[in-house]
Amino acid sequence: MENNGSRKKFKVNFKKFNMVIAGALIALTVFLASADIFEGATFGVLVIDNGETSDIYTSAATVGDLLQELEIELHQFDRVSLASYTPLTRGTVIEIDRAIPVNISIDGAVATIAFYARPDAGLAALVSDFRRATRGNFIFDRELAHHRPEAGETIHLQSVNWETREVENLTPYNREYVETFALPVGETLVYREGMPGKRITTYNVEYVARRESRREVLSDVIISEPQAEIVHIGVPLPAGTGLSASGEVFNYSRMITVESTAYTLSVSCTGRTPDHPHWGRTASGMMAQVGIVAVDTNVIPFHTRMYIEGYGFAVAGDRGGAIRGYKIDVFMDTMAEARQWGRQHGVRVWILED
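Residues numbered from 1 in each chain as written. Predicted model: local features only at pLDDT ≥ 70, side-chain atom pairs only at ≥ 80, totals over all residues. Heavy atoms only, no water.

Chemist: Before we move on, could you go through the overall build of the chain and cite the residues and values that matter?
Modeler: Looking only at helices and strands, the chain has 5 helices and 20 strands in total. Sorting the 354 residues of the chain into buried and exposed places 31% on the buried side. Contacts in the chain between residues far apart in sequence, at least 24 positions, make up 61% of those at least 6 positions apart. (Helix = DSSP H or I, 4+ residues; strand = E, 2+ residues; numbered from the N terminus. Buried < 20%, exposed > 50% of the residue type's maximum accessible area, 1.4 Å probe, protein only. Contact = heavy atoms within 4.5 Å.)

Chemist: So what about the packing of aromatic side chains? Which residues, and what values?
Modeler: Going through the model one piece at a time under the given rule, you end up with 11 aromatic pairs. Measuring from ring centre to ring centre gives 5.8 Å for phenylalanine 250 and phenylalanine 313, while their planes differ by 85°; the resulting arrangement is edge-to-face. Taken together, the residues span a long stretch of sequence, with phenylalanine 250 in strand β15 (residues 249–263) and phenylalanine 313 in strand β18 (residues 312–318) at a distance of 63 residues. By relative accessible area, phenylalanine 313 is classed as partly exposed at 34%. Summarising the aromatic geometry, the rings of tyrosine 311 and tryptophan 341 are spaced 6.0 Å apart at their centres and angled 75° between planes, so their arrangement reads as edge-to-face. Pair noted here: tyrosine 311 is in the loop between β17 (305–308) and β18 and tryptophan 341 is in helix α5 (residues 335–341), with a separation of 30 residues, a long-range link. (Phe/Tyr/Trp six-rings, centres within 6.5 Å; stacked < 30°, edge-to-face > 60°.)

Chemist: Help me get a handle on the sheet that holds strand β2 (residues 52–58), residues and values and all.
Modeler: With mixed pairing, the 4 strands of this open sheet are ordered in space as β2-β1-β4-β3. What marks the edges here is a single partner per strand, and that holds for β2 and β3 (79–80). In this structure, β3 lies alongside strand β4 (residues 93–97), joined through 2 bridges in antiparallel fashion. Pairing of arginine 79 across the sheet is with aspartate 97, part of β4. (Pairing = 2+ DSSP bridges.)

Chemist: So what's going on with the environment of valine 258? Residues and values would help.
Modeler: Within the element layout of this structure, valine 258 appears in strand β15. As for valine 258 and lysine 327, which are separated by 69 residues in sequence, their C-alpha atoms are 5.3 Å apart.

Chemist: An account of the pattern of salt bridges is requested, with residue identities and associated values reported.
Modeler: Considering all chains together, one arrives at 14 salt bridges under this definition. For arginine 118, the salt bridge is made with aspartate 129, and the minimal N-O distance between the two is 2.8 Å. Of this pair, arginine 118 sits in the loop between β6 (113–117) and α3 (123–134) while aspartate 129 sits in helix α3, and the two are 11 residues apart along the sequence. For arginine 118, a relative accessible area of 34% puts it in the partly exposed group. Residues arginine 165 and glutamate 163 are paired through a salt bridge, measuring 3.6 Å at the closest nitrogen-oxygen approach. When its relative accessible area of 27% is taken as the criterion, arginine 165 is described as partly exposed. Each of the salt bridges in this network shares a partner with another, and the network as a whole consists of Asp49, Asp78 and Arg98. (Salt bridge = Lys/Arg side-chain N within 4 Å of Asp/Glu carboxyl O.)

What follows is the structure in structure tokens.
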């Protein structure tokens, strides 16, 4: 009797176990079904786009997915309160602050460039963005550094550029005066032309609004030095001073005016032939040559040095029967030269100082 009772009790427990298992399976099925429904469900989020609020129901997983779903286009300077990878949950608030459209005028141009300012950004930030976008250099009125641009406002900027420039400069030359007795008093003659020097200066030039604002010297190289202009100016000769035809200055004790002829070593002039023992020798014992002059020793003693107009420097070294008083006879190498000299009157002779 006891054994049979035990088996009956066991059977009752087995049925309860089966019922528990079945219930668990049903609960699991319901859970999985409810999970699938949850995954496809929509929930509400709040989108505030530039002050306009919209209640959005979505199944998007992230902020980026939602913006793509709503086809909301963003400018690079628009500001979104949440990163695009942020997961969405019920009640998420997404704020979009739009970039501010402005017009930029460069160097006072009438035509402007459309650009955008970051939300709540000052003018300095706007200009920084514009520099990066255009790869240019611009400045603005520093008093407006904290000004916040408004939509449609025209922002005035000035371009800044630099240029390396080489400038060739001419250095002026000086004028030097040299006194000379060879020119009439006060008359001038350019003896040597002046030439300016040359130097090359390299500058770093800054332009603001396309106008030069400042320059910095990078190098200054002298290519050539200036050459002074030399000018001769006539000055009067000092008393007792004369000037030869070649420009040589001489001192004299007196000046006389004479009649002048010319002679050679020819027989017709000297009465001697080359075989004569005194041929070629003068009365003073000097050898006859250019620069020896026959004189009247009562007027001009032997060995007196002189300067003869048209002839040159000479020495009194000879005399002749026809040379009397203020007469001289100058020696020439050839008869042709003697004939060309001929007989001259009023020839000036300066007696040189010893």
